[in-house]
Every structure is written in C-alpha cells, then in structure tokens.
Amino acid sequence: MRILASLSFAVLALASLTASSQAQSAPPQGAALTPPMGWNSWNFFAERVTDKDIRAAADNLVATGMKDAGYVYVNIDDTWEGKRDETGLLHTNDKFPDMKALADYVHSKGLKIGIYSGPGNKTCGGYAASLGHEEQDAKMYADWGIDYLKYDLCSFIPDVMEKQAPGDKPAQMKLMIAAYDKMAKALHATGRPIVFSLCQYGWDSPWEWAPALGGNLWRTTGDINPHWDRIYGILEQQDGLAKYVGPGHWNDPDMLEVGNGKLSLAENRTHFSMWALLASPLLAGNDLPNMKPEIKAVLTNSEVIAIDQDTLGKQGTRAYSDGEVEVWTRYLAGGAMAVAVLDAGDSRYTTHPFHLDLGKLGLHGPQAGKNLWSGESITLTDHMPIEIESHDILLVRIAAPK
Ligand code: GLA
C-alpha cells in the first residue's frame, strides 16, 4: 500500500516536473495535470450572466453529482467587468456586486472559481480588459481567490497588433505571444495556482508556443455553437494536434454544448465522447438548474470522464475513416485503449452496417471491452458489422488490447 502510494506520488511529481520543464514560467503548482473540468457561463448565459447564476451553478454542480463526477471549476466568462478607478483598479459591474464574496461562496462548496479577461483594452463583449494593467489584475484575481483565468484576444488585434505592426502578420503574432507571456508571468508572480487558459482561436498554432509560456490550455479553433455541423467541424480540426498535449497543457476545442440548443441525444453523446477522446477540457456550458435527466446522464458518465481524465494524458487520434464513418483511438494508462466509431453521416440513417478493420487500429484478434454508453460487454472482432445511427457513436474501452 505504502509502496503504491509513494510510487503514485513519484509519478505525479515526475508528471509535474515534465510539465514544468516544458513550461518554464508556468504557475508553480503543476496545475491541470489532467484536463480541467467544470462549468462556464458563456455557452448558455452569454452576456446575461449574474452573480446569482454563478451561485446557482455552484449549488447545482453539487446537487446533481457533477462535482463528485469531477466538475470543479465554476467559470465566469465575459461581462462581469465594470470601470477602472483613478488607481487603475478594475471594479465589477452591478451584476457582480462582490466578487470576493462570490469566490468565497464557490469555495465553500468545495469548488474552484474562474474568471475572464483579455490582453486588449476591451473584451469581446466590449468590457474593460487588462492592457497595461496585467500585474494589477492578476494580483486582484489572486486576492479574490480566483483559480482559473480565460484570457481572450479580441480587441488586442486592433488595439495593438494592427496598430503597432500594420500589415505585418509575423510581427503581429509576436506581439500576441508576448501579450500572453506577460499575463502568464503576472499570474506566476502572484504565487497562487491559477490555471491559464489561452483564447485566441488557434491563431499561429498556439500548441507550438503556449506550453512554453505556461499555458495550461489553448483554444484550437473559433467559437463553438450548439449545432452538429459546428461541433463536427471543430472535431475535424483536431486531428494532428495530439502530439502537443500532456499533463499540464491541453488543446481546447472549446467548451461543451451538451444540453444546449437542439442537439439530439445522440449528438450530445458523440460530442461528449469525442471531447473525452481528445483529452479536452470538459467545461459544461448548459443551464444546470434546468438540466434534463438524460443530459445529466451524459455529463456524469464516469467511464467516459475516466477516458478524458486518463493520467497518461495522451490525446486520441483518428485511425481511419471509411466514407462517413470515422474510427478514433486513444491510448490509456495501464495499456488500455479507447475506440470510438462515429457515424458522421447526415443523410443516411445508419451505417448499413459498417465493417470494422481492426488491423488499421494496430489490433489483432478479438478484443474484449466495454461499451461505455450501454454499459454492456462487447468484443470487437475483425470485420464485425457495426450499426450506428446518424451522428451517434460506439465508444468502447478495451482493457488489454492485443
Ligand atoms: C469570444 C470567446 C468566447 C466567449 C466570448 C465572450 O468569442 O471565444 O468563448 O468568451 O468571446 O465575449
């Protein structure tokens, strides 16, 4: 027991060492060793979010069992910001009367709290952002007890990039990277563990440079919305990015839309499964107080969450596609593997069926596993027929692939 405990401590220490050697100025605490999980206000509330909604989200993460399933961050997105006073200190607006009290409330539930700003003068919603006030803002976040910062490029483009380097894209990108580095250092200087989330829509391949400046996650694309085409479009942009992630630093294909808009249950399941397969941050973005039981069942499927949170930290990849059917795999700790078969087709109801080619997954002979949505045992065999309805998924965990 004791040997096991110290062994897992050693593994953790090694993981954080690896993460911090790759990320020189990362916050000292080895944040986000697995992809961050929580809830963010933007996808459902957008600009309407208030203090009351954040408290209700915290209450509901606890009441629904989502906290126990791993969702710990309660993240306030844009529109909390008020005006700066003569000392430069940024105040909250009327919707958020007392941020410290709100942070204390969220912490009292055993949860963590996140906030939002950007490197320009203004956020995407036109509220005050951090340009010229980076250290001051970072210190204020730390004083409030903030645990997570999403830092959104937006007005930095016209305010600095286009102004200081008109028409010179490479110079503009350097300015952008320097702005993220500046906030990373300001967060680091507070000494508080604050997860640093870069939101600049995947410009200039952030997976190549964000880990080195201490980014724990970086958006890989423009904004998500609750439509299958957009979710699938984002998924297609993730292939090829797997090698850039590991404990402490993750690709972010944007927050979850599970339970939003008119997504079908199959689409919700597929979206959630694929974000887990991609080792993505799992930030729910739905209306928690009014969550339907079937949506809660998707978001709290512990075996799918275990794929996302797998300690090996390897992002899944597309093994092959066959017409509109895609097969993705993810290597997991202890030699296990996740296999996802996805029917991306819109116009035909099922896969007719589709015949699995195990050799293309590097597997040989029958593979015993578990269907993570039905909970049943399943053995994958070569050329087996698989019937999947449009936009649905078969997600299997194989304990010991052969
Ligand atoms: C951008 C981001 C979104 C959200 C909004 C807020 O569009 O990509 O995730 O934060 O800004 O204004």
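Residues numbered from 1 in each chain as written. Predicted model: local features only at pLDDT ≥ 70, side-chain atom pairs only at ≥ 80, totals over all residues. Heavy atoms only, no water.

## Regarding the state of the cysteines
The condition is simple: Two cysteine sulfur atoms make up a disulfide if the distance between them is within 2.5 Å. Secondary structure is summarised from DSSP: a helix means a run of H or I of at least four residues, a strand means a run of E of at least two, and numbering begins at the N terminus for each.
Counting across every chain of the model gives one disulfide. Between the sulfur of Cys124 and that of Cys154 lies a disulfide, 1.8 Å long from S to S. Here Cys124 and Cys154 share a disulfide; its torsion about the S-S bond, 110°, makes the bridge right-handed. Here the residue Cys124 occupies a position in the loop between β5 (112-117) and α6 (134-144), and Cys154 occupies one in the loop between β6 (148-152) and α7 (156-164), the gap between them amounting to 30 residues. Of the cysteine sulfurs around Cys199, a residue in no disulfide, the closest is that of Cys124, at 6.4 Å.

## Here's the deal with the site of the ligand
Heads up, the rule is: Any residue with a heavy atom positioned within 4 Å of a molecule or strand is treated as near that molecule or strand. Throughout this description, a polar contact denotes any pair of N or O atoms lying within 3.5 Å of each other; where both atoms belong to protein, one of them has to be capable of donating a hydrogen while the other can accept it, and for residues adjacent in sequence the pair is counted only when both atoms sit in side chains. Just so you know the grouping, Ala, Val, Leu, Ile, Met, Phe, Trp, Tyr, Cys and Pro go in nonpolar, Asp, Glu, Lys and Arg go in charged, and all remaining residues, Gly too, go in polar.
Around the ligand, the surrounding shell holds 13 residues, and the nearest of these are Asp77, Asp78, Lys150, Asp152 and Asp223. Within the side chain of Asp152, one N or O atom sits 2.9 Å away from an oxygen atom of the ligand. Classifying every residue of the shell around the ligand gives six nonpolar, one polar and six charged.

## Brief notes about the packing of α7 against helix α8 (residues 169-190)
What counts, and what does not: To get an axis, fit a line to the C-alpha atoms, keeping to the stretch in contact for a helix; angles then go from 0 to 180 degrees between the N-to-C directions. Any angle from 65 to 115 degrees is called roughly perpendicular, while one under 35 is roughly parallel, one over 145 is roughly antiparallel, and all others are oblique. Crossings are sorted by hand: turned counterclockwise from the far helix by less than a right angle, the near helix makes the crossing left-handed, and turned clockwise it makes it right-handed. Should any heavy atoms of two residues lie within 4.5 Å, those residues are considered in contact.
It is at 8 Å that the axes of α7 and α8 come closest, and there the two elements cross at 130°. Our classification of the angle between α7 and α8 gives oblique. Note on packing geometry: the crossing formed by α7 with α8 is right-handed. Counting all contacts with α7, which are made through Phe156, Val160, Met161, Glu162 and Gln164, the residues of α8 involved are Gln172, Leu175, Met176 and Ala179.

## Notes on the pattern of salt bridges
Applicable threshold: Salt bridge criterion: a side-chain nitrogen from Lys or Arg within 4 Å of a carboxyl oxygen from Asp or Glu. Relative accessible area decides the class of each residue, using a 1.4 Å probe on protein chains only: under 20% of the type maximum gives buried, over 50% gives exposed, and in between gives partly exposed.
Counting across every chain of the model gives 17 salt bridges. Between Asp254 and Arg219 there is a salt bridge whose closest N-O contact spans 3.4 Å. With a gap of 35 residues between them, Asp254 in the loop between β9 (250-252) and α11 (265-277) and Arg219 in strand β8 (residues 217-219) connect regions that are remote in the sequence. A residue is classified by how much of its surface remains accessible, and Arg219, at 3% relative accessible area, is buried. For Asp357, the salt bridge is made with Lys360, and the minimal N-O distance between the two is 3.9 Å.

## Here we look at the sheet that holds strand β10 (residues 282-284)
The cut-off we apply is this: Paired strands are those between which DSSP finds at least two bridges.
Taken in spatial order, the eight strands make up an open sheet running β9-β8-β7-β6-β5-β2-β1-β10, and their pairing is parallel. Of all the strands in the sheet, the pair left with one neighbour each is β9 and β10. The mean angle between the axes of side-by-side strands here comes to 25°, regardless of whether they run parallel or antiparallel. Looking at chain direction, β8 and β9 are connected through three bridges and run parallel. The partner of Trp218 across the bridge, within β9, is Asn251. Contacts from helix α3 (residues 51-63) reach β1 (37-40) and β2 (73-75), with the element oriented near 160° to β2. Against the sheet, helix α5 (residues 99-108) engages β2 and β5, with an angle of about 140° to β5.

## Re the pairing of strand β11 (residues 317-322)
Bridge count for β11 against strand β12 (residues 325-331) is five bridges, and the pairing is antiparallel. The residue of β12 that forms the bridge with Tyr320 is Val327. Where β11 folds back onto β12 in an antiparallel hairpin, the turn is made up of two residues, including Gly323, whose phi is positive at roughly 60°.

## Observations concerning the confidence of the model for the protein
Just so we agree on the cut-off: Confidence of the predictor at the level of single residues is given by pLDDT, which spans 0 to 100.
Chain-level pLDDT for the protein is 93 on average; 93% of the residues reach the 70-or-more range. Counting contacts from residues 1-29, a segment whose pLDDT is below 50, to residues more than four positions away or on other chains yields 28 contacts.

## Focus on the packing of aromatic side chains
How we decide: Pairing of aromatic side chains here covers Phe, Tyr and the six-membered ring of Trp, requires ring centres within 6.5 Å, and sorts the geometry by plane angle: under 30 degrees stacked, over 60 edge-to-face, intermediate tilted.
Within this structure, the stated rule accounts for 13 aromatic pairs. With a centroid separation of 5.6 Å and an interplanar angle of 90°, the aromatic rings of Tyr151 and Tyr180 are classed as edge-to-face. Of this pair, Tyr151 sits in strand β6 while Tyr180 sits in helix α8, and the two are 29 residues apart along the sequence. Tyr180 matches Tyr151 in its accessibility class, with the two residues each being buried.

## Some details on unusual backbone geometry
Here the amide bond leading from His352 into Pro353 is cis, since omega sits at 10°, within 30 degrees of zero. Turning to its location among the elements, Pro353 is positioned in the loop between β13 (337-343) and β14 (354-355). Unlike most non-glycine residues, Ala32 shows phi in positive territory, near 60°. Take Ala32: it is sitting in the loop between α1 (2-22) and β1.

## A closer look at the environment of Ser155
Within the element layout of this structure, Ser155 appears in the loop between β6 and α7. Take Ser155: its relative accessible area is 12%, and that puts it in the buried class. In this structure, the C-alpha to C-alpha distance between Ser155 and Leu372, residues 217 residues apart in sequence, is 43 Å. With residues up to four places along the chain from it excluded, the contact list for Ser155 reads Gly120, Asn121, Lys122 and Val160.

## Some words on the packing of α6 against α8
Direction vectors running N to C along α6 and α8 enclose 40°, while the axes themselves pass 9 Å from each other. With respect to α8, the element α6 is oriented oblique. The chirality of how α6 crosses α8 is right-handed. Residues Glu134, Glu135, Ala138, Lys139, Tyr141 and Ala142 of α6 lie in contact with α8, whose contacting residues are Lys182, Met183, Ala186, Leu187 and Thr190.

## Some details on α5
In an α-helix there are 3.6 residues to a turn, and that puts residues three or four apart on one side. Stated formally: Think of it as the arc spanned by the lines of direction from the helix axis to the C-beta atoms.
Those residues of α5 that fall on the buried side of the exposure criterion are Met99, Leu102, Ala103 and Val106. What you see down the axis of α5 is that its buried residues fit within an arc of 100°, all on one side. Taken together, the buried residues of α5 touch α3, β2, β4 (90-92), β5 and α6. Among the residues trailing α5, Gly110 stands out with phi positive, at a value near 80°.

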